[in-house]
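A closer look at the structure
One letter stands for each residue in the lines below.
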2 protein chains.
Amino acid sequence: MNSVRPRDAEGTKAVILGAARLQFGQHGFDRTTIRSVAAAAGVDPALVMHYFRTKNGLFEAAATLDVQLPDLTGVPPGRVAAVLVPVFVKLWGPDGPLLPLLRAATSNPAARDMLIAIFSEKVAPALGPLTPDRAQERAALIGSHLIGVAVARHIIGLPVLEAMPDETLMVWLGPVFEHYLTEPRTA
Amino acid sequence: MNSVRPRDAEGTKAVILGAARLQFGQHGFDRTTIRSVAAAAGVDPALVMHYFRTKNGLFEAAATLDVQLPDLTGVPPGRVAAVLVPVFVKLWGPDGPLLPLLRAATSNPAARDMLIAIFSEKVAPALGPLTPDRAQERAALIGSHLIGVAVARHIIGLPVLEAMPDETLMVWLGPVFEHYLTEPRTA
DNA sequence: CCAGTCGTTCAACAAGCGTTGAATTGACCA
DNA sequence: TGGTCAATTCAACGCTTGTTGAACGACTGG
């Protein structure tokens, strides 16, 4: 039944990391225990420590990711949202890499810093060229809206948003993102 | 130094509740311990149990709140955002009652249910009369945007949004909320 | 066939947790 | 003054957690 894997350091390391990603994402940092990760990976808890030294080490390894955003230079403003929304919806989806980070951010400063870094190094630069001014603010508003939708959908589990298909969400968010990217500000 | 309070059940109960609110709000459910709440309240841990029976009981007592939204019937759509945004910004602010609930929602199902209840019993009914259709969806999008801003500002601590004054935030959010409330949907 | 290496497990620790029941303290009334 | 009862504390329990060092066991090169 329980298939005994051959001895393979790199392999088991990957299995542990997979289980850790899953649990950190679903239950957050505190509720995820070394023991539960080890059990899910079919491995002794001490082995987890051996490979990742500490629980924080395991988390950092599990949360390390490279967020790739499409190049948006030259995309007409009216089309930007249509390109952007599907990408972000996937990144923030239940299987995406950002939700675990957000869940952990409640109690883990390292997770907070990682999210801030992703915003200022990836999101803001990607959106900057499309905006007339105040690029940071505009990007932050778009980003925070996406965070909110992700929280409402996947953490709180608000029925209306849980039930809403991605396409419908896109239709709603599209004009708003366009507004945030292009609307001139006087104040 | 450490002022010894007179024996007063109702009083100490309130002190404990205050400490609990503070800690649940700042550190979330898991990181808040009976012992730390008791210490902050200058009281024995057993006393906390005596008054609130269990940690979940303490949390429920600390998280119980009545969110009061202004009556919006008859307010012209263009003015709605101007009325609504300050109220929501305060409710979601660092001293408001909703942030603790959201922090706890990461790991506490009761907190999730409470947030869902607040949405469906308070927010959606308040916004419903202002919308031509799909009231739940429209309210959910506004609510999730506010959640996102709160998370970005007070949980993650995104510098751009932390530094943004409430008035500026209002100017940004106003047109978007108006759009969500009034924009006709064809799809 | 034996030694050594490396993946892996065993067993235990110290600390912190929620929770408990009995003991202690202090205030009030007879 | 002494008794009563509520408010509060003491001391401990059983459990889970992260973490550790030593032991085990399978494969590999000599």
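Rules used in this analysis
Counting restarts for each chain: residues are numbered from 1 in the order of the written sequence. Chain labels run from A onward and ligand labels from 1 onward, assigned in the order the entries are written. Local features in this predicted model are restricted to residues of pLDDT 70 or higher, and side-chain atom pairs are both shown and tallied only at a pLDDT of 80 or more, whereas totals for entire chains, interfaces and linings draw on every residue. By convention in this description, side-chain values take in all heavy atoms of the structure and omit both hydrogens and water. Strands here are runs of E lasting at least two residues and helices are runs of H or I lasting at least four, both read from the DSSP assignment and numbered beginning at the N terminus. Buried, partly exposed and exposed residues are distinguished by accessible area as a fraction of the type maximum, computed with a 1.4 Å probe on protein chains only: under 20%, between the cut-offs, and over 50%, respectively. UniProt positions are given in the numbering used here, feature names are shortened, and annotations may be inferred rather than shown by experiment. Axis lines are fitted through C-alpha atoms, for helices just across the contact stretch, and the angle between N-to-C directions can take any value from 0 to 180 degrees. Here roughly perpendicular refers to angles of 65 to 115 degrees, roughly parallel to angles under 35, roughly antiparallel to angles over 145, and oblique to all remaining angles. Should the near helix be turned anticlockwise from the far one by less than a right angle, the crossing is termed left-handed; should it be turned clockwise, right-handed. Any two residues having at least one pair of non-hydrogen atoms within 4.5 Å are treated as being in contact. By the convention adopted, Pro, Cys, Tyr, Trp, Phe, Met, Ile, Leu, Val and Ala count as nonpolar, Lys, Arg, Asp and Glu as charged, and the other residues, Gly among them, as polar. Least-squares superposition aligns the copies on the C-alpha atoms of those residues with pLDDT at or above 70 in both. Put simply, buried area is the surface a 1.4 Å probe can reach on two separate parts but cannot reach once they are joined, added for both. By convention in these notes, a salt bridge is any Lys or Arg side-chain nitrogen within 4 Å of a carboxyl oxygen on Asp or Glu. In protein, a polar contact means a hydrogen-donor-capable atom and an acceptor-capable atom, both N or O and within 3.5 Å, with residues adjacent in sequence counting only if both atoms are side-chain atoms; elsewhere, any N or O pair within 3.5 Å suffices. For a helix, the expected span equals 1.5 Å multiplied by the residue count minus one.

Per an unreviewed UniProt entry, chain A goes by TetR family transcriptional regulator and derives from Kineosporia mesophila.

All names here are of chain B. Of note in the backbone geometry, Arg53 takes a positive phi value of approximately 65° without being a glycine. Position of Arg53 among the secondary structure elements: in the loop between helix H3 (45-52) and helix H4 (55-63). Classification of Arg53 by relative accessible area gives exposed; the value is 73%.

Attention now moves to the UniProt feature "DNA-binding region" (unreviewed entry) in chain A. UniProt's feature table lists "DNA-binding region" (unreviewed entry) at residues 33-52 of chain A, given in the numbering used throughout. Along residues 33-52 of chain A one finds 80% helix and 0% strand; the C-alpha atoms at either end are 13 Å apart.

Turning next to the packing of helix H6 (residues 98-105) of chain A against helix H7 (residues 109-127) of chain A. Residues and elements named next belong to chain A. Packing of H6 against H7 leaves a shortest axis separation of 8 Å and a crossing angle of 135°. In this view, H6 runs oblique relative to H7, as classed from their interaxial angle. Our pair here, H6 against H7, has a crossing hand that is left-handed. Contact residues: H6 offers Leu98, Leu101, Leu102, Ala104 and Ala105, while H7 offers Ala111, Arg112, Met114, Leu115 and Ile118. A per-class count over the contact of H6 with H7 returns 9 nonpolar, no polar and 1 charged.

The next subject is the packing of helix H2 (residues 34-41) of chain A against helix H3 (residues 45-52) of chain A. Residue and element names in this part refer to chain A. One can describe the packing of H2 onto H3 by two numbers: an axis separation of 8 Å at closest approach and a directional angle of 105°. Taken together, the axes of H2 and H3 lie roughly perpendicular to each other. On the side of H2, the interface is formed by Ile34, Arg35 and Ala38, while H3 contributes Pro45, Val48 and Met49.

Time to look at the relation of the copies chain B and chain A. Each copy superposes on the other: chain B lies on chain A with an RMSD of 0.2 Å after a rotation of 180° and an axial shift of 0.0 Å. Taken together, the rotation and translation describe the operation of a two-fold axis. Relative to the rotation axis, the C-alpha of Gly148(B) is the closest in chain B, positioned 1.7 Å from it. Both copies share a contact surface, since 100% of the interface residues of chain B are interface residues in chain A too.

Before going further, it helps to examine the interface of chain B and chain A. On the side of chain A, 43 residues touch chain B, which itself brings 43 residues to the contact. Summed over both sides, the interface of chain B with chain A buries roughly 3,900 Å², with 74% coming from carbon and sulfur. When residues of chain B are sorted by the area they lose upon contact with chain A, Thr106(B), Ile156(B) and Trp172(B) head the list and together hold 19% of the total. The tally of links between chain B and chain A comes to 2 salt bridges. At the boundary of chain B with chain A, the tally comes to 9 residue pairs in polar contact (both at pLDDT 80 or more).

The next thing to look at is helix H10 (residues 166-182) of chain B. Taking 1.5 Å per residue as the helical rise, H10(B) with its 17 residues ought to reach 24 Å, and the 24 Å between its terminal C-alpha atoms agrees with that figure. Residues of H10(B) that are buried include every one of Thr168(B), Leu169(B), Trp172(B), Leu173(B), Gly174(B), Val176(B), Phe177(B), His179(B), Tyr180(B) and Leu181(B), and no others. Contacts from the buried residues of H10(B) go to helix H8 (135-156) and helix H10 (166-182) of chain A together with helix H5 (77-91), helix H7 (109-127) and helix H8 (135-156) of chain B.

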